[in-house]
Amino acid sequence: MLDSLAPMASPHRHSTRKLFYALPLLMSLLCLASTACRATPTTSTTFFEDARGSAFLQDVSDRSFQTNHPIRLEPSLLVRILSGILVQERQRALQAILAGPSPAIAVFSAEEIQFLVPLLTKAFVSAQANQLVGFSVTRRRPERSSLESSTIETTMGSLYVHGTSLYFSLSQYRFAPARTNSDSLAHRRLPDASGLSEYVLLFTPSFAQGTDTLHQAAQGATTDKILVINYPLLQQAPPSTTT
């Protein structure tokens, strides 16, 4: 299935590698913000990487961390999971009253899902009980004017299965270093290296979204950068179900 995914040379390969090796640090920082985070990644093993992104396995040193890996997840199920992951921009109360809630948008494009699904399918079968499945996807954001150059954006995260739940963690969302370093007022909406500070992570259909009891924030509230998806319940629902 992966024969069509032959690696391609790219001038952005070096930057993709730098972001890949930074992922353990990013996820560790996310874990430090949680009082019950058990999934602190240590070493990583890459089994695919090209200009479009990468897939890899990450060892977790905490012996209390448990998964159902290796596990066979149907590609059609992974398509539904990735298609249902959304982000919604945070709004202040006055903004919500005047303009209404901001629309939720898909984290992954159809092309990104097509790229990731065969890789994740193979990764879950190869993963051991102490490993997370990690991924990255990159895309070129087109110029909005003749004076603006195109920007490479990166989305990164990890997944693992425990019991009837699939845990999805997003560590970067359409992150572009050039944009966060810009002096333009229009580009000062992303103060952190994740690109997620202005967004809430959601899942549709909502009945398949579970409650995260493993990753509690310091204030006692659940973090919005981690989704818990009841995948057997999602499998039982017709594909047309959207609520």
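All figures in this text were calculated on a predicted structure; none of them were measured in a lab.

Draft legend 1. Looking closely at the packing of aromatic side chains. A complete count under the given rule lists 7 aromatic pairs for this structure. Here the aromatic rings of Phe108 and Phe168 are separated by 6.2 Å at their centres, their planes lie at 85 degrees, and the arrangement is edge-to-face. Here Phe108 is found in the loop between strand S4 (104–106) and helix H4 (110–126), whereas its partner Phe168 is found in strand S7 (residues 165–175), with 60 residues between them in sequence. With a relative accessible area of 4%, Phe108 lands in the buried category. Pairing Tyr173 with Tyr199 gives two aromatic rings, centres 5.4 Å apart and planes at 75 degrees, and the pair type is edge-to-face. Taken together, the residues Tyr173 in strand S7 and Tyr199 in strand S8 (residues 199–203) connect sequence positions 26 residues apart. When its relative accessible area of 3% is taken as the criterion, Tyr173 is described as buried. Taken together, the ring pairs connect Phe65, Tyr160 and Tyr167 into an aromatic cluster.

Draft legend 2. Main features of the sheet that holds S8. Across the sheet, 3 strands lie side by side as S4-S3-S8; this open sheet has antiparallel pairing. The sheet terminates laterally at S4 and S8, the two strands that pair on one side only. Strand after strand, the sheet turns through a mean of 35 degrees between neighbouring axes, direction not considered. Inspection of the sheet shows strand S3 (residues 85–89) paired to S8 by 5 bridges, in the antiparallel sense. Pairing of Leu86 across the sheet is with Leu202, part of S8. Across the sheet, helix H2 (residues 75–83) is in contact with S3 and S8; its angle to S3 comes to roughly 0 degrees.

Draft legend 3. Representation of the side chain of Ser165 in the model. Note on placement: Ser165 falls in strand S7. We classify Ser165 as buried; its relative accessible area is 16%. Excluding its chain neighbours within four sequence positions, the residues that come into contact with Ser165 are Tyr160, Val228, Ile229 and Tyr231.

Draft legend 4. Region of the structure containing unusual backbone geometry. With an omega of -5 degrees, the peptide bond between His69 and Pro70 qualifies as cis. Here Pro70 lies in the loop between strand S2 (53–60) and H2. In this structure, Pro205 follows Thr204 across a cis peptide bond, with omega equal to 5 degrees. Relative to the elements of secondary structure, Pro205 occurs in the loop between S8 and strand S9 (226–230). Phi is positive for Arg174, close to 45 degrees, though the residue is something other than glycine.

Thresholds applied
Residues numbered from 1 in each chain as written. Predicted model: local features only at pLDDT ≥ 70, side-chain atom pairs only at ≥ 80, totals over all residues. Heavy atoms only, no water. Phe/Tyr/Trp six-rings, centres within 6.5 Å; stacked < 30°, edge-to-face > 60°. Helix = DSSP H or I, 4+ residues; strand = E, 2+ residues; numbered from the N terminus. Buried < 20%, exposed > 50% of the residue type's maximum accessible area, 1.4 Å probe, protein only. Pairing = 2+ DSSP bridges. Axes fitted to C-alpha atoms, helices over the stretch in contact; angles between N-to-C directions. Contact = heavy atoms within 4.5 Å.

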